[in-house]
Amino acid sequence: MSEGVVLAAMGGVLGLIVGSFLNVVIYRLPKMMERQWAADCAEMTGQPLAEQERFNLLVPRSRCQACGHPIRWYENIPALSYLFLRGQCSACGVRISPRYPLVELVTGLLFAWCVWRWGATGTAVAWCGFSAALVALTLIDWDTTLLPDSMTLPLVWAGLIAAALGLTGVPLADAVWGAVAGYLSLWLVYWGFKLLTGKEGMGFGDFKLFAALGAWFGWAALVPIILMASVIGALVGIGMKLTGSLREGGVVPFGPFLALAGLTAMVFGPASILRVVGL
């Protein structure tokens, strides 16, 4: 077995572990934001805030959302525990969403690919972090239509720092202008749409995520990325409308499609996206 395959397998195992933590981030981070908003509102209005259980990414321990059963260490082994438990809680038997092991497997595959592509290097570490952030942002936005600043803004800075260190192959100037162009382009679309219709077509988090993609890939990659995101988003939105599966208000978050286009650009290169759409 070649050294590259062994390293990729090790990267995949690390990705499974990181994916397990991403499940915690995806579930808890929006709730942490809601708590913070409630605390801010209470402070501004002078209203007392009821004492709540300490809640962050580390505490309390993971537990069944139906019965409160604490998840033991052997019930939290990435992917494998889901199979051993047959997809249900060991205490109450309630069904566990298959999304949990899917997030772990997808993250594991992305990490394995990054290590196989770039080896045991800083470049692989950078792109693994990029992949993990996009997986988490995809599902947070899909669930809540939120793209937390605590993730998108560090992703912008990480892309600029990675470019400055030569880890992405993108000149720093291209990364800086990519971040600027990514933010401003969607900002202009937002205000143009709002002035014409009086409605908001997207959230400010989309601007920041697109800025992050510009920082990681450079300004020249923005056109193929936004093309792919727009086409897939339109197809999914039409499909959901035809099947009656649109959520209340008919909102389809754009962030997941930006993230998918970003991951596609990482794996195949931005130019491949233009070939797919025939440009």
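Residues numbered from 1 in each chain as written. Predicted model: local features only at pLDDT ≥ 70, side-chain atom pairs only at ≥ 80, totals over all residues. Heavy atoms only, no water.

Draft legend 1. Examining the environment of Gly169 more closely. Mapping Gly169 onto the fold places it in the loop between helix H5 (149–164) and helix H6 (172–197). The class of Gly169 is exposed, set by a relative accessible area of 68%. Each C-alpha atom of the pair Gly169 and Trp216 lies 9.2 Å from the other, and the pair is 47 residues apart in sequence. (Helix = DSSP H or I, 4+ residues; strand = E, 2+ residues; numbered from the N terminus. Buried < 20%, exposed > 50% of the residue type's maximum accessible area, 1.4 Å probe, protein only.)

Draft legend 2. Spotlight on the pattern of salt bridges. Taken as a whole, this structure holds 4 salt bridges when the rule is applied. Across the pair Arg72 and Glu75 runs a salt bridge, and its minimum N-O distance is 3.6 Å. Overall, the relative accessible area of 37% leaves Arg72 in the partly exposed class. With a closest N to O distance of 2.7 Å, Arg99 and Asp143 form a salt bridge. (Salt bridge = Lys/Arg side-chain N within 4 Å of Asp/Glu carboxyl O.)

Draft legend 3. Representation of the packing of aromatic side chains. Counted under the stated rule, the structure contains 14 aromatic pairs. Their ring planes at 55° and their centres at 4.9 Å tell us that Trp127 and Trp216 sit as a pair that is tilted. Taken together, the positions of Trp127 in helix H4 (residues 122–144) and Trp216 in helix H7 (residues 204–217) put the pair 89 residues apart, joining distant regions of the chain. Trp127 sits in the buried class, given a relative accessible area of 4%. Ring centres of Phe130 and Trp216 lie 4.9 Å apart, and the angle between their planes is 45°; on these two criteria the pair is classed as tilted. Residue Phe130 is found in helix H4, and its partner Trp216 is found in helix H7; the two are separated by 86 residues along the sequence. Grouping residues by exposure puts Phe130 and Trp216 together as buried. Among the aromatic residues, those joined into a cluster by ring pairs are Trp113, Trp118, Trp127, Phe130, Trp216 and Phe217. Here Arg28 stacks its cationic end above the ring of Phe55, 5.4 Å away from the centre of that ring. (Phe/Tyr/Trp six-rings, centres within 6.5 Å; stacked < 30°, edge-to-face > 60°. Lys NZ or Arg CZ within 6 Å of the ring centre and 35° of its normal.)

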